[in-house]
Amino acid sequence: MANRKSLADLDADSILAAIIDPDGSPLPAKYEQEKRRVIQASRLWDTYPNERRVAAILMSKYNISMKTALRDIDLAKQVFKTQHTFDYEATAMWMIKDQIELVRRCQVAGDLKEWNKAKKVLQGMVEKLHPSSEEDPTRMQANMFVLTVNAGGQQFNMPLEKVRELDPDALKTFMDSLATPIEDAEVEEIFDS
């Protein structure tokens, strides 16, 4: 067996087993201090995702060098998946795949009650990944287009929807009224409104 000088030389499963079950720990006692530092580094990394800041805290708490603190942080990132390094999409896809498999097994087994439950759970999982957006009823009010028409020396506003509903003769008359020039005072009034 090779001479191991650091906790980083061990595999992640051995480190996790020592953390989960400290009494039956497969790690020698000489790694205990380093194990505590790595656990502390992972907790700090969740709170402060800045290597220099976490390293400074570890250096002051455990009286270690910057190199040792940075090595502990790297090991903590490998062993513990924190909220900053956790791949949520991959986990969600894995869970959906398992749920689809459960739906298939229930369908093959003919258990319609469990099949329907599994389908509802699957539908909820998919909706959480891609939530359906509700149409905002006031969204189009903010984007309503209004055409200002000058007809017979009189101005009035006409919504674009009303223009689309006009018959061909009325639309031609409307287009002709739009082509007539307006005076500068009218233009200023339109832009000011």
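Each residue is numbered by its place in its chain's sequence as written, counting from 1. In view of the model being predicted, local features appear only for residues whose pLDDT reaches at least 70, and side-chain atom pairs are presented and counted only at 80 or more, with totals across whole chains, interfaces and linings using the full set of residues. Values reported for side chains reflect all heavy atoms of the structure, with hydrogen atoms and water molecules removed beforehand.

Considerations on the overall build of the protein chain
Secondary structure is summarised from DSSP: a helix means a run of H or I of at least four residues, a strand means a run of E of at least two, and numbering begins at the N terminus for each. Scanning the protein chain from terminus to terminus reveals ten helices and two strands. Residues counted as buried form 24% of the 193 residues belonging to the protein chain. Considering only intrachain contacts with a sequence separation of at least 6, the fraction spanning at least 24 residues in the protein chain is 46%. Type-normalised accessible area, obtained with a 1.4 Å probe on protein chains alone, sets the label of each residue: buried when under 20%, exposed when over 50%, and partly exposed for intermediate values. What makes two residues a contact is simply this: any of their non-hydrogen atoms within 4.5 Å.

Some details on the pattern of salt bridges
One side-chain nitrogen of Lys or Arg within 4 Å of one carboxyl oxygen of Asp or Glu is enough to make a salt bridge. Within the structure shown, the criterion is met by four salt bridges. Here K35 and E32 are joined by a salt bridge, their closest N and O atoms 3.4 Å apart. With K35 and E32 both in helix 2 (residues 32–47) and three residues apart, this pair spans about one turn of that helix. In this structure K35 comes out as buried when scored by relative accessible area, which is 5%. In this structure, E114 engages K117 in a salt bridge whose closest nitrogen and oxygen atoms are separated by 3.6 Å.

Description of the environment of A69
Looking at the element boundaries, A69 is found in helix 4 (residues 66–79). Taking the relative accessible area as the measure of exposure, A69 reaches 0% and is therefore buried. For the pair A69 and R37, spaced 32 residues apart in the sequence, the C-alpha separation amounts to 8.3 Å. Beyond its immediate chain neighbours, meaning those up to four positions away, A69 contacts A55, L58, M59 and I64.

Considerations on the packing of aromatic side chains
Aromatic rings from Phe, Tyr and Trp, with only the six-membered ring used for Trp, were paired whenever their centres fell within 6.5 Å, and each pair was classed as stacked if the ring planes differed by under 30 degrees, edge-to-face if by over 60, and tilted otherwise. All chains considered together, the criterion is met by zero aromatic pairs. A positively charged side chain is recorded as over a ring if its NZ (Lys) or CZ (Arg) lies within 6 Å of the ring centre. The angle to the ring normal must also be within 35 degrees. Note that K119 overlies the ring of W115, its terminal NZ or CZ placed 3.7 Å from the centroid.

Brief notes about the environment of K61
Note on placement: K61 falls in helix 3 (residues 51–62). Distance from K61 to Q40, taken between C-alpha atoms, is 10.0 Å for residues 21 residues apart in sequence. Distance and chemistry together define a polar contact, namely a pair of N or O atoms within 3.5 Å, with one atom able to donate a hydrogen and the other to accept it when in protein, and with adjacent residues in sequence counting only for side-chain atoms on both sides. Looking at K61, its side chain comes within polar contact range of the side chain of Q40, at 3.3 Å.

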